[in-house]
Amino acid sequence: MSRAPRHPGHPDPFGEGDKVLLVDRKQRRYLLTLRAGGEFHSHEGVVAHAALLGAPEGSVVRSTKGATLLALRPTAADWTVKAPRGAQVVYPKDQAMIVALADVCPGATVVEAGAGSGALTAALLRAVGPTGRVVSFERRDEHADVAERNVGERFGGLPETWELRRGDVVAGLPDVACDRLVLDLVEPWTVLPAAVGALRPGGIVIAYTPSVPQVMRLREALDADPRWGLAQTTETLVRGWHVDGLAVRPDHRMVAHTAFLTTARRLAGDALPSAPPAAAPTEG
Ligand SMILES: C[S@@+](CC[C@H](N)C(=O)[O-])C[C@H]1O[C@@H](n2cnc3c(N)ncnc32)[C@H](O)[C@@H]1O
């Protein structure tokens, strides 16, 4: 396993094993791991890793075809976009909002399902810090393998604050008590009955769902159970801007939709929703 990654702004020059993001003049981004004797190949030529080893972050290197590339340490967002994936990942704009809306704070115990490619897992692990804990459920082994690899790469080993459970979240929830529950799976409403037992009163559930029918089903389930309150649904649009002299305008293209985020609070009390009164028998 690689050593703990150095974050942007680390004072040391680039060394062996460091992750480096190369950015070309068209803003294309490439993520590589520096190795003695290694080479980076693209259609713009070759850059020997030796040209980067010992160079400070923010250096510009030249390829064999004369192209210039800017070398930086990758941000968490760069990792998310560039990491190998099995399942579709949650992108940085939604990761940030999940951490903010669910108030994922240092020291919190967070349960997540499913782990997928581990992209959101990494953001949750950072947010809970060294005193928190993230328990991720993933029922597909091949996805769990990808999540484990990505989280290991991201943190230079598997963090002690992380537990990956290979199995169904509904079956596993009775064994955990948590402050936050983060759901990125197709039918989050099926998890709510078990979530009620796992989430501490005042705790927050947040679900990432791409489609409107999913939001409707989830909100109906939350509204039908008095043990949940303050349900809210939002979406996050991030629009880049083109800034070039006096040509300053919104970008023509944007990622217009990823998913809706629905949050709700676990209220005090264990009363189940009251059953609708039985219809009075009619005469005749
Ligand atoms: C879209 S992916 C999650 C991606 C992840 N949030 C990321 O950013 O990399 C959804 C995952 O949920 C898993 N999953 C679906 N239902 C599940 C359940 N009931 N228990 C555990 N995992 C489940 C799927 O196998 C899949 O890997």
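Look above for the structure.
Quick notes on the rules
- Throughout, residues of each chain are indexed from 1 in the direction in which the sequence is written.
- It should be noted that, the model being predicted, local features are given only for residues of pLDDT at least 70 and side-chain atom pairs only at 80 or more, the latter also being counted only at that level, while totals for whole chains, interfaces and linings use all residues.
- Each helix corresponds to a stretch of at least 4 residues labelled H or I by DSSP, and each strand to a stretch of at least 2 residues labelled E; elements are numbered beginning at the N terminus.
- Exposure in this text rests on C-beta crowding, where 20 or more other C-beta atoms within 10 Å of a residue's own make it buried, 12 or fewer make it exposed, and counts in between make it partly exposed. The C-beta atoms are placed from the backbone.
- Residues are counted as near a molecule or strand when the C-beta atom, derived from backbone positions, lies within 6 Å of that molecule or strand.
- Note on residue classes: Ala, Val, Leu, Ile, Met, Phe, Trp, Tyr, Cys and Pro are nonpolar, Asp, Glu, Lys and Arg are charged, and everything else, Gly too, is polar.
- Each axis is a line fitted through C-alpha atoms, taken for helices only over the stretch in contact, and angles between the N-to-C directions span 0 to 180 degrees.
- Oblique is the label for any angle not covered by the other classes, which are roughly parallel (under 35 degrees), roughly antiparallel (over 145) and roughly perpendicular (65 to 115).
- Handedness of each helix crossing follows the sense of rotation of the near helix against the far helix: counterclockwise by less than a right angle gives left-handed, clockwise gives right-handed.
- Residues are scored as being in contact if the C-beta atoms we place from backbone atoms lie within 7 Å.
- Definition of nonpolar core: a set of buried Ala, Val, Leu, Ile, Met, Phe, Trp, Tyr and Cys residues joined via C-beta atoms within 7 Å.
- At least two bridges found by DSSP between two strands is the condition for calling them paired.

Now for the overall build of the protein chain. Regarding its fold elements, the protein chain presents 7 helices and 15 strands. Along the first, second and third principal axes, the C-alpha set of the protein chain runs to 95 × 45 × 30 Å. Here the protein chain, with 284 residues, has 32% of them falling under the buried criterion.

Around the ligand, the surrounding shell holds 21 residues, and the nearest of these are Ala87, Gly114, Gly116, Ser117 and Ala119. At the level of secondary structure, the elements contributing two or more residues to the shell around the ligand comprise helix H3 (119-128), strand E8 (133-138) and helix H5 (169-172). Residue composition of the shell around the ligand, by class: 10 nonpolar, 6 polar and 5 charged.

It is the contact of helix H2 (residues 92-101) with H3, at a shortest axis distance of 10 Å, that shows an interaxial angle of 40°. Taken as axis vectors, H2 and H3 run oblique relative to one another. H2 and H3 meet at a crossing whose hand is right-handed. When H2 is examined against H3, the residues Gln95, Ile98 and Val99 are found in contact with a partner set consisting of Leu120, Ala123 and Ala127. Here the residues of the contact of H2 with H3 sort into 5 nonpolar, 1 polar and no charged.

So, about the nonpolar core. Grouped together as the largest cluster of nonpolar side chains are 52 residues, with contacts concentrated most on Val110, Leu124, Leu181, Val182, Leu183 and Val205. Ranked by residues supplied to this core, first place goes to H3 with 8 residues.

Take the sheet that holds strand E2 (residues 29-33) next. Read across the sheet, 4 strands follow the order E2-E1-E6-E5 without closing on themselves; strand pairing throughout is antiparallel. Lying at the two open borders of the sheet, with one neighbouring strand each, are E2 and strand E5 (59-62). Shown here is a sheet whose adjacent strand axes are inclined to one another by a mean of 35°, direction ignored.

Moving on, we get to the sheet that holds strand E15 (residues 260-266). One open sheet accounts for 7 strands, arranged E9-E8-E7-E10-E11-E15-E12; its pairing is mixed. Looking at which strands have only one partner, the edges of the open sheet turn out to be strand E9 (162-166) and strand E12 (228-235). With direction set aside, neighbouring strand axes in the sheet form an average angle of 15°. Relative to strand E10 (residues 178-183), strand E7 (residues 109-113) is paired through 4 bridges, and the arrangement is parallel. Residue pairing across strands places Val111 opposite Leu181, the latter belonging to E10. Taken strand by strand, H2 contacts E10, strand E11 (199-209) and E15, and its axis lies near 15° from that of E15.

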